2 protein chains.
Amino acid sequence: MKRRWVYFLSDNLNIKNRDRLKEILGGKGAGLYLLSQMGLPVPPAFIIATSACRYYLKNRKFPKGLWEEVYLGIKYLEKKTKKRFGNKNNPLLISVRSGAKFSMPGMMDTILNLGINDEVVKGIIERTNNPDFAYDIYKRFIEIFSDVIFGIKREEFSKISGNREKIIEKYKELFYERTKRDFPQDPYECLKMAIEGVFNSWNNPRAKEYRKIYQIPEDLGTAVNIQTMVFGNWNEKSGTGVLFTRNVKNGENNIYGEFLFQAQGEDLVAGHVTPLPLEVLKEKLPQVYIKLEKYVKKLEKKLKDVQDVEFTIEDGKLYFLQTRAAKRTPLAGVKIACEMVKEKLITKEEAIMRISGEDIDYFLHPTFDPNYPLEIIAKGKPASPGCAVGEIVLTAEKAIERANENRKVILVRDFTKADDVAGMARAEGFVTTTGGETSHAAVVARGMGKPCIVGCSDINIDMEKKILKIKDIILKEGDKISINGTTGEIIKGEVPLIKSEFPEELKLLLSWAEKIAKMKVRANADTPIDAENARKMGAKGIGLARTEHMFFAPERIKYVQLMILAKEKEERKEILSKLLPFQKEDFKELFRVMNGLPVTIRTLDPPLHEFLPPKEKIEAIKELAKELNVNEETLIRKIEELAEHNPMMGLRGCRLGIIYPEITEMQIRAILEAACEVKKEGIEVDLEIMIPLVSVLEEFLSQKEIIEKVSKEVFEKRGLKLNYKIGTMMETPRACLIAQELAKYVDFFSYGTNDLTQFVFGFSRDDSAKFLISYEQKKIIDFEPFKTIDEKGVGSLIANSVKSARRVKRNIKIGICGEHGGDEKSILFARKLGMDYVSCSPYRVPKAILASAQAEIILRKKKFNQITTK
Amino acid sequence: MKRRWVYFLSDNLNIKNRDRLKEILGGKGAGLYLLSQMGLPVPPAFIIATSACRYYLKNRKFPKGLWEEVYLGIKYLEKKTKKRFGNKNNPLLISVRSGAKFSMPGMMDTILNLGINDEVVKGIIERTNNPDFAYDIYKRFIEIFSDVIFGIKREEFSKISGNREKIIEKYKELFYERTKRDFPQDPYECLKMAIEGVFNSWNNPRAKEYRKIYQIPEDLGTAVNIQTMVFGNWNEKSGTGVLFTRNVKNGENNIYGEFLFQAQGEDLVAGHVTPLPLEVLKEKLPQVYIKLEKYVKKLEKKLKDVQDVEFTIEDGKLYFLQTRAAKRTPLAGVKIACEMVKEKLITKEEAIMRISGEDIDYFLHPTFDPNYPLEIIAKGKPASPGCAVGEIVLTAEKAIERANENRKVILVRDFTKADDVAGMARAEGFVTTTGGETSHAAVVARGMGKPCIVGCSDINIDMEKKILKIKDIILKEGDKISINGTTGEIIKGEVPLIKSEFPEELKLLLSWAEKIAKMKVRANADTPIDAENARKMGAKGIGLARTEHMFFAPERIKYVQLMILAKEKEERKEILSKLLPFQKEDFKELFRVMNGLPVTIRTLDPPLHEFLPPKEKIEAIKELAKELNVNEETLIRKIEELAEHNPMMGLRGCRLGIIYPEITEMQIRAILEAACEVKKEGIEVDLEIMIPLVSVLEEFLSQKEIIEKVSKEVFEKRGLKLNYKIGTMMETPRACLIAQELAKYVDFFSYGTNDLTQFVFGFSRDDSAKFLISYEQKKIIDFEPFKTIDEKGVGSLIANSVKSARRVKRNIKIGICGEHGGDEKSILFARKLGMDYVSCSPYRVPKAILASAQAEIILRKKKFNQITTK
């Protein structure tokens, strides 16, 4: 079959997979196609596939056959509309719109009213008898075409004034002055330039920035939608509107939208003008409203998701211009997903796939302390819920600058535009003085899950003086404000924030997720408080309890320090025996909180010098010597003795327990005595003891020997016996390389992906920070290795070791307890390897549960696809 | 077939492989068997196989059937000798000797004269009419049996005096006192205990120590040789001797030996008595001497190696008691191997397999500066050649203590024994006041390749005062002496040492090795001087030239420091351009020296802070600031900025060249300009540019891009073109994991096994030194990972990466340039993987050439074995 570049709305594409459809036609094109296929009124259109854009960007020319197909497309539009392209008497005007697979609102270019020229404008005036309308269209076309294709900013045109014919003249003069050519009059020439302009806009800086923020692949390209113009600015029975099939702020099941009479779509989206609520249509054009309502409900049912619909009314006739899954607040997202399950529109699995980890993050975000008196200085429209506190900044650049200094900022502007996105990504929240809930600022805020207030007309921004005037209050850039995107309130000063609660719907969703997820989620928790928090967050155990964190309390660290200074084993044992009761109490409390859930306790890990002041802190050393009642010289000598060139690669982990077996002994005794004691209280203990930093089998065996010796002693003395597991932390490359050997002797592996990543790359997290930034800029590396598992390197090492371990011990328990345990992509990776659990910090547990369920669903689907395609 | 524990000398074992024979019968047993099979006179004997010992040590009891077979063995001896075990009138006396696969002289136990008791001694007196002889035998038996089986030291017996009958009484009393039992009279009971005693002696501490030093496996076990006694102490026509079929000091082809009349073998070996030269036999027992000479020549021809033969003459009749390959000095080893090739006794390959890396080390050892006047204070017998200088130590313990403080020591003792071996291993050389060239000290010294002087009776050791008296000279422990094991001279004070030359035979052997070795040997060399030395040593190229080493010369480091302090790129470039001429000159000289041999140049590797003084050296910083004419504050700030937590895992390697591409640019320009310029001189350049510390493909590609850009510029400007290769140093685990990807773009891999080992284990060489000692003691690790490649961990990573690389690029050049490139085992490993070359420090090159040839021979043999066993 011949390769095809152009698709018509009337084509029967026979593509069930909506994702695939978007890949070919872009999101907007796919929406138009679906609208049309469902029989909704859509202005005739055809679509240039994304593949043409990819070809163009690679080869800097149209692919063979494209222009011929476009020409046939125009013929098709002419036939459908009974108009003629470039014909004065009955002209076909078209829009040329970008539209990528993933929505990038306002980031790429769109050209409206193409087909108009000096002749055609005259014809329109003749036909409509409305010169204002006709010249408005021509004027808009010159502005937008000059901007997109020739880079002449619209602001330059907006300075031009005069009567309507004069303006067109002056516009064309400006165009000539800047380009040394006449404004093009051939509509086909314009069309070709417009298509190239849209293609090229895929690579404009703001689009690139947007893709980076939203992690959209760079190589998709955009489709081009070529559609017959309909005119919301035709007459008083015309207008343009945007609606959501449900409320995208709070998730309520009501149509919600905004409308402008006698306007084109861009007027609404740009946010310069404050629109009317959709309800005005009910009054003014009730027939149209009823039709609209009926159509969009049908649309939602068919597409099974809340739709963000653009429509235009031309002389009382309704046209749909776009439909897409609506961006929504996390709150609305969660509620809508749950309700659609109740309505049997979607399955629980589908609901789970619609929620993201960022949505959950949002609910972990704080709200204002309700007991704090609020000095409300202004109120706008609540456009994206949540609370935020920060310094006022008036430009996106300033937002970035301040955020780089680790300061929290609130961006306040008259309206935002695509160029501001990078700055918005760094701000805590946004306020605009104009625009509605479908304005750029509102859409971006909801997408980012950040609080936003729009149309706050009380605020006057003085960009010269860099101040805000709110009635008689004056705030400077840098002053602190607090904003509540749920209520629209702006408060002077810094309001204390408190943690927010999960909505019931999220709890329900997470309970579904828990049932679906095969891979369990545990938490890294060192203290009983951490553990309680972890349970509250839904953790099904502790995957990493770092015993050394228990050492830092003031009444304990003294003993740790004395232990380090001990001259010989007996003295060290003596001091360790004083630490034992502290450790035991901690463990008992930990076991009580976890009450039968698995608890993985790691023996001492950090290098001992971490418990002493650094060499250069002479005052601290003096003080400590006095406090411990030891010779200052002795202390200094010890500190020097413990100094290491590369502490990460020094005496730490199980190496400590091998050089000082008495430390391991004390810790194991404390753990097992604690377990015995709480068992007598009737509390179950599912204990896993973990040996860190193993790279040689005998290291593990030597520690196992101590554990077994001590356990025999403790159990005999206490007259009871407990089952427990002994495992290794897999955090050196060598441990992975000898996994098969280790697996024979260990009960479980827990991959410590932080250290493993450091050793595999040969760079430490601390020291690499400074060059990894450059690496990112220079595109040496395109992911954050300390956030997401490096599948190619670290991941392949893990994958091979899991395989070899399972070869000798099929049921060996395997998990991840590094930073990556809370990362979505890494969780999917872990699930693919068939791991039993991941462990992450308590606050990341709900996200991890969701990701674990999603991983399950993704893999099931893949399996299903594999089966059905066989 | 029934499992068999006992073998007789008359058995036809049909085992061609002499190694296999030794495995079963032990070295001594195999020797006896071969002697007997060749028809040489051997006292009747049978041998308990090593398998019985292994069983016994594991199960603490004799295997089923062993004792019955031993009983039959005794019956066999009785039949052969027509004597009866335990019979008073015609008693069979036997020796029960240890003998493992690998010779461990004096380390395990031996019991002589077993079969004697109160009754038998009387019978011997009656038959021989020689009560001195009979009691001497009994006395010796009680001493040795009590020592070996009951741990009563022979020294305790030696305090007992009196007439011969009285002595036996007192001996038995002492025995009773210590054991609360009578001295056993049943010879079968004694035999059983003796066998157990020999089995157990496999695990005595000195045997373990010896095995550790000589890397003999722990699980071999010893055979037990049960042999009819013959008596060198029978009468004046009796005696015992040791001989070598060639001179084991200088390799001359003359029989060489020592003899004692009226003595048993142990008297000779112990070294208490100074023996006579073998030539005395010619005079006193000429018939025996002729026979002896004939037999041993036959023996050498049959066994194809110099033999170390023990024999005894009983009443004028010659018996052979042992034969084994003789330990020899490196000089003798090399000469004998060459000569045997000339005599067509062995092949060149066999000759190569007989030489070890340590032998070559020996020739790299220094000799005395011939221009230095020597104050010779004593002279002994030269027992092992070579020169050494060090402090006098009088005990093995002291030798270890001082050596641990990195001090060089010479061990001076009356005689050495097995317990001293650990201390001897740490000394530079040994002097004994008694003993001959077959004494313990002499044998061990030759084995270790250390200088040794024996029988130096001028020296009087006062162990109480810890001094040596040599006539009127008094030397204290700790005083320095120099010894020449080639001449036997002992010199006061420290004589300057100079490098020695390779003997012609070694050069010949190495030339054979070079022809056989497929894997080439290069050198790590940074300067023209290094390179010249490398060529002299036989290197076939430079495998690693570290460019940074060229930076440290005083006139250059200033620029490096200014470059580091440069505030921006242009300034840095400016300063770099001043460094360029220096680097270029170095490279030109390097290319001239290597004249067409491959030269691998690595771009800058170390972290920049290594070029500045450390933070705490305030004086040095002040001085440097003045010197560089920069602000002190600025310098300090830079030093702080460059400080890293773990410099090993920080900004170094190719990361530098990515952050500062101008550094790579300058280096590449210097390299390529140098190459162009020497090419015009008519010198060939085989250039390989190596990028260090790659872990991400794009790191390599970014550096490759610079190289290609600069090369284009240089070649265009110079109007010529050179071929060169670009490769990576494989030193992070990730580089190995992405080898397949890297292989597509690189011309060669060079494994930097030092860093790779560090990252794989997660411990740095510096910081791990302190705990690796403990690890060795606690048997956590049984090899030195920074010396020999860790095949299980690091090795498996390398092996997999080599395989995947070759999958995409069959002919990719692969080598090792880490410390391991000069290590014998690691070279064998590299050859197994099919690497193209290894690179090591210049002085290790000859060893590496030998090892490479040996690897070839070993693999060929394996292949041959595989083919023939199919």
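In what follows, the structure referred to is the one given above.
Criteria and thresholds
- Residues numbered from 1 in each chain as written.
- Chains lettered and ligands numbered in written order.
- Predicted model: local features only at pLDDT ≥ 70, side-chain atom pairs only at ≥ 80, totals over all residues.
- Heavy atoms only, no water.
- Helix = DSSP H or I, 4+ residues; strand = E, 2+ residues; numbered from the N terminus.
- Expected span 1.5 Å × (residues − 1).
- Buried < 20%, exposed > 50% of the residue type's maximum accessible area, 1.4 Å probe, protein only.
- Contact = heavy atoms within 4.5 Å.
- Patch = residues over 30% accessible without salt bridge, like charges linked within 9 Å, V, L, I, M, F, W, Y side chains within 5 Å.
- Areas by Shrake-Rupley, 256 points an atom, 1.4 Å probe, with all protein chains shown as cover.
- Salt bridge = Lys/Arg side-chain N within 4 Å of Asp/Glu carboxyl O.
- Buried area = accessible area lost by both parts, 1.4 Å probe.
- Lys, Arg positive; Asp, Glu negative; His and termini not counted.
- Charge placed at Lys NZ, Arg CZ, Asp CG, Glu CD.

A.B. asks: Which residues make up helix α21 (residues 554–565) of chain A, and what values go with them?
C.D. replies: Residues and elements named next belong to chain A. Given a rise of 1.5 Å per residue, twelve residues ought to cover 16 Å, and the 17 Å separating the end C-alpha atoms of α21 matches this to within 8%. Residues of α21 that are buried include every one of R556, I557, V560, Q561, M563, I564 and L565, and no others. Summarising the contacts, the buried residues of α21 are in contact with α22 (569–594), α23 (618–628), α24 (632–642) and α26 (661–680).

A.B. asks: Which residues make up a nonpolar patch on the surface, and what values do they have?
C.D. replies: Residue and element names in this part refer to chain A. Residues Y372, L374 and I376 make up a contiguous nonpolar surface patch of about 250 Å² in total accessible area. Tracing the chain through its elements places I376 in strand β14 (residues 376–379). Under the relative-accessibility criterion, I376 is labelled partly exposed at 43%.

A.B. asks: Go over the interface of chain B and chain A, please, and point to the residues and values.
C.D. replies: At the interface, 50 residues of chain B touch 50 residues of chain A. Looking only at chain B, the three residues that lose the most surface to chain A are M649, R734 and I780 of chain B, adding up to 16% of its buried area. Seen at the junction of chain B and chain A, the total is four salt bridges. Measuring nitrogen to oxygen at the nearest pair gives 2.6 Å for the salt bridge that ties K792 of chain B to E741 of chain A.

A.B. asks: Explain a negative patch on the surface to me, and be specific about the residues and the numbers.
C.D. replies: Residues and elements named next belong to chain A. On the surface, E619, E623, E627, E632, E633 and E640 cluster together into a negatively charged patch. Among the secondary structure elements, E640 is positioned in helix α24. According to the relative accessible area criterion, E640 is partly exposed, its value standing at 42%.

A.B. asks: I'd like a rundown of the pattern of salt bridges, residues and numbers included.
C.D. replies: Taken as a whole and assessed by the stated rule, the structure comprises 123 salt bridges over all chains. A salt bridge links E23 of chain A to R20 of chain A; its shortest N-O distance comes to 2.8 Å. Of this pair, E23 of chain A and R20 of chain A both sit in helix α1 (residues 18–37), separated by three residues, roughly a single helical turn. Judged by relative accessible area, E23 of chain A falls into the partly exposed class, the value being 30%. Here D420 of chain B and R413 of chain B are joined by a salt bridge, their closest N and O atoms 3.4 Å apart. In terms of burial, D420 of chain B and R413 of chain B fall into one category: buried. Taken together, the salt bridges that share partners define one network made up of K584, E585, K588, E673, E677 and R718 of chain A.

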